[in-house]
Amino acid sequence: TNEKGFFSWLTGSGKIKRENLEYDRERLRQHYLNNGYMRVKIAEPELIYSEDKKKVTLNFRIEEGEKYKIGEIAFKGNTQLDNKTLMNRLSLKSGDIFSAEKFQSDIRSLTDAFTEIGYAFANVDPLNDIRDEEKIVNITYNIEENMLYYINRIVISGNNKTRDRVIRREFEIVEGEKYNSSKIRQSKQHVEFTNFFEEVNLKEEAVSDGLMDLK
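In this report, we go over the structure that sits alongside the text. (Residues numbered from 1 in each chain as written. Predicted model: local features only at pLDDT ≥ 70, side-chain atom pairs only at ≥ 80, totals over all residues. Heavy atoms only, no water.)

1. What about the overall build of the protein chain?
Each helix and strand counted, the protein chain has six helices and 10 strands in total. In terms of overall size, the protein chain is more extended than a compact globule, its C-alpha atoms giving a radius of gyration of 25 Å where 215 residues would be expected to give roughly 17 Å. Taking all 215 residues of the protein chain together, 32% fall into the buried category. With an accessible surface of roughly 14,500 Å², the protein chain has 45% of that area assigned to carbon and sulfur atoms. (Helix = DSSP H or I, 4+ residues; strand = E, 2+ residues; numbered from the N terminus. Rg over C-alpha atoms; globule rule 2.2 N^0.38 Å. Buried < 20%, exposed > 50% of the residue type's maximum accessible area, 1.4 Å probe, protein only. Areas by Shrake-Rupley, 256 points an atom, 1.4 Å probe, with all protein chains shown as cover.)

2. Brief notes about the pattern of salt bridges
Considering all chains together, one arrives at 14 salt bridges under this definition. For the salt bridge of aspartate 129 with arginine 131, the shortest nitrogen-to-oxygen distance reads 2.8 Å. Each of the salt bridges in this network shares a partner with another, and the network as a whole consists of Glu22, Arg25 and Glu44. (Salt bridge = Lys/Arg side-chain N within 4 Å of Asp/Glu carboxyl O.)

3. Examining the nonpolar core
Membership of the largest hydrophobic core comes to 28 residues, with the highest contact counts inside it found for Phe75, Leu86, Phe114 and Tyr141. Every element with two or more residues in this core is listed here: helix 2 (18–33), strand 5 (69–76), helix 4 (100–115) and strand 7 (136–144). No other element matches helix 4, which puts six residues into this core. Apart from residues lying up to four places away in sequence, phenylalanine 114 is in contact with Asn78, Gln80, Leu81, Leu86, Tyr119, Ala122, Ile143 and Glu145. Counting nine residues, the second-largest nonpolar core is a separate cluster that includes Tyr149, Ile154, Tyr179 and Ile184. (Core = buried A, V, L, I, M, F, W, Y, C linked by side-chain atoms within 4.5 Å. Contact = heavy atoms within 4.5 Å.)

4. Details of the pairing of strand 9 (residues 204–208)
Bridge count between strand 9 and strand 10 (residues 211–214): four bridges; the pairing is antiparallel. What sits directly across from glutamate 204, in strand 10, is leucine 214. Here strand 9 hands over to strand 10 after two residues, with glycine 210 in that stretch at a positive phi of 90 degrees. (Pairing = 2+ DSSP bridges.)

5. Quick look at the sheet that holds strand 5
Pairing within the open sheet is mixed, and its three strands lie in the order 5-7-6. A single partner strand is all that each edge strand has here, and the edge strands are strand 5 and strand 6 (123–131). The mean inter-strand angle of the sheet, taken between neighbouring strand axes irrespective of direction, is 20 degrees. (Axes fitted to C-alpha atoms, helices over the stretch in contact; angles between N-to-C directions.)

6. A look at the pairing of strand 3 (residues 56–59)
Relative to strand 3, strand 2 (residues 46–49) is paired through four bridges, and the arrangement is antiparallel. Bridge pairing links tyrosine 49 to valine 56 in strand 3.

7. Re the packing of aromatic side chains
All chains considered together, the criterion is met by six aromatic pairs. A centroid spacing of 5.8 Å and a plane angle of 50 degrees characterise the contact between phenylalanine 98 and phenylalanine 103, whose relative ring orientation is tilted. As far as the burial class goes, phenylalanine 98 and phenylalanine 103 line up, both buried. A ring pair is formed by phenylalanine 103 and tyrosine 141, whose centres lie 6.3 Å apart and whose planes are at 35 degrees; its orientation type is tilted. Taken together, the positions of phenylalanine 103 in helix 4 and tyrosine 141 in strand 7 put the pair 38 residues apart, joining distant regions of the chain. For phenylalanine 103, a relative accessible area of 7% translates into the label buried. (Phe/Tyr/Trp six-rings, centres within 6.5 Å; stacked < 30°, edge-to-face > 60°.)

As structure tokens, this is what we get:
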């Protein structure tokens with residue numbers, strides 16, 4: 001939502017849309033959460049109309065609260081990768097200002113750490129212990145490694161004008177190799193970058209315990 005300006009007739013600024021107000025409210029909340037304000041409260045937007053009903057003032061009432069920092073960081077359930085290796089994958093360290101965006105990025109990075117070494121269905125479930133008196137949050141990352149997977153078959157379809165071998169030479173991963181999410185993503189990108197195809201879709205299918213087909 002923007003204030004009405006000189007070019008409003010062109011840009012549409014100054015118009016009030018209820019769905020946009022809720023979106024703006026959430027964007028404000030995310031901004032605070034990304035800057036350490038874990039207890040921020042943002043009330044429903046208030047619309048105050050002028051006497052002639054031609055103008056409206058938009059108020060966002062915000063209760064910021066205090067900034068929170070990262071306290072202790074711990075890992076639980078990991079057997080294939082040690083704590084030091086996992087800690088090196090984190091962007092948030094002890095003492096840093098909490099950021100929801102970095103926190104979510106760290107969860108993805110930890111998950112990737114395991115899917116890159118074969119654990120295709122690894123899951124990271126964080127537990128936040130918020131200490132209001134100390135203004136810190138302790139984080140324990142609960143890790144479920146699940147089963148180790150290998151690539152069974154790589155199946156290519158829809159390539160009516162291009163030979164399979166032309167596509168396969170773009171792959172970073174081969175049949176019989178350990179599952180590796182990073183190599184799989186790179187392989188898909190390489191095929192897309194050839195510009196031979198309008199669209200490239202990838203489907204992963206577990207065909208049995210420990211074996212994965214890529215289609």
